[in-house]
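Survey of secondary and tertiary structure
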Amino acid sequence: MTNNEKIACDRCTHACELLAKENIPYEVKKKEIGHINLLFAGKVVMSFWARTGRIIYTVNPRNYNVKPLDSDLDRGIKKCIKVYKGTFKNNGLS
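Structural notes, computed from the coordinates. Going along each chain's sequence as written, the residues are numbered from 1 onward. Per-residue local features are limited, in this predicted model, to residues with pLDDT of at least 70; the limit for side-chain atom pairs, both in listing and counting, is 80 or more; totals at the level of whole chains, interfaces and linings are taken over all residues. Side-chain metrics in this entry use all non-hydrogen atoms of the structure; hydrogen atoms and water are not considered.

Some words on the sheet that holds strand S1 (residues 26–30)
We treat two strands as partners when DSSP finds at least two bridges between them. The secondary structure listing takes helices from DSSP runs of H or I that are at least 4 residues long and strands from runs of E that are at least 2 residues long, numbered from the N terminus. One open sheet accounts for four strands, arranged S1-S2-S3-S4; its pairing is antiparallel. The sheet terminates laterally at S1 and strand S4 (54–57), the two strands that pair on one side only. Within the sheet, the average angular offset between the axes of one strand and its neighbour, ignoring direction, is 25°. Only the stretch in contact is used when fitting a helix axis, every axis being a line fitted to C-alpha atoms; angles between N-to-C directions are given from 0 to 180 degrees.

Dropping the structure here:
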């Protein structure tokens, strides 16, 4: 295992703990790169990469009346959780 893979695995574990604490459904796609999909109503709606902190929508955010993410500024698991909750859980969708 490379150093980057170890970092990704450690960060992935931490991110999963925080997602579980917030009752956000997720699935780990590839722990060695820290790739996690966040689910809403059984559908993948966001992806998060724990090693880099990158967040992307996998659905059109305009359908949920939110602004698109700024890939340079909107990073990290805490930001990911905040965006998810603001977009899906607290938007009358849960």
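Concerning the nonpolar core
Among buried residues, those of type Ala, Val, Leu, Ile, Met, Phe, Trp, Tyr and Cys that are joined through side-chain atoms within 4.5 Å constitute a nonpolar core. Only protein chains enter the calculation, and the probe is 1.4 Å; a residue is then buried if its accessible area is under 20% of its type maximum, exposed if over 50%, and partly exposed in between. With 23 residues, the main nonpolar core has Ile36, Leu38, Met46, Phe48, Ile77, Tyr84 and Phe88 as its most contacted residues. At the level of elements, helix H1 (3–21), strand S2 (35–40), strand S3 (43–49), S4 and helix H2 (77–93) are the ones that each hand at least two residues to this core. Looking at which element gives the most residues to this core, the answer is H2, with six residues. With near-sequence residues (within four places) excluded, Ile77 lies in contact with Ala15, Leu18, Leu19 and Phe48. Every residue pair with non-hydrogen atoms within 4.5 Å of one another is taken to be in contact.

Quick word on H1
The span one expects for a helix is its residue count, reduced by one, times 1.5 Å. If you check H1, its first and last C-alpha atoms are 27 Å apart, about what 19 residues at 1.5 Å a residue would give, namely 27 Å. Those residues of H1 lying buried are Ala8, Cys9, Cys12, Ala15, Cys16, Leu18 and Leu19.

What about the pattern of salt bridges?
A pairing counts as a salt bridge when a side-chain nitrogen of Lys or Arg comes within 4 Å of a carboxyl oxygen of Asp or Glu. Scanning the model with the defined rule gives four salt bridges in all. With its nearest N and O atoms 2.7 Å apart, the salt bridge here joins Lys85 to Glu22. With Lys85 in helix H2 and Glu22 in the loop between H1 and S1, the pair connects residues that are 63 residues apart, well separated along the chain. The class of Lys85 is partly exposed, set by a relative accessible area of 26%.

Side note on the environment of Leu18
Counting through the fold element by element, Leu18 comes out in helix H1. In this structure the C-alpha to C-alpha distance between Leu18 and Thr87, which are 69 residues apart in sequence, comes to 18 Å. Non-local contacts of Leu18, meaning those with residues more than four positions away in its chain, are made with Ile77 and Ile81.

Some remarks on the pairing of S1
Where S1 meets S2, four bridges bridge the pair, whose relative direction is antiparallel. Among the inter-strand pairings, Tyr26 is bridged to a residue of S2, identified as Leu38. Linking two consecutive strands that pair antiparallel, namely S1 and S2, is a turn of four residues; a positive phi of about 75° is found at Gly34 within it.

A look at the side chain of Ser47
Mapped onto the secondary structure, Ser47 falls in strand S3. Exposure remark for Ser47: the relative accessible area of 4% places this residue in the buried category. A distance of 2.6 Å separates the side chain of Ser47 from the side chain of Asn37, its partner in a polar contact. Every residue in contact with Ser47, bar those within four places of it in the chain, is listed here: His35, Ile36, Asn37, Arg54, Ile55, Ile56 and Thr58. Think of a polar contact as two N or O atoms within 3.5 Å of one another; within protein, one of them needs to be a possible hydrogen donor and the other a possible acceptor, and neighboring residues in sequence only count if both atoms come from side chains.

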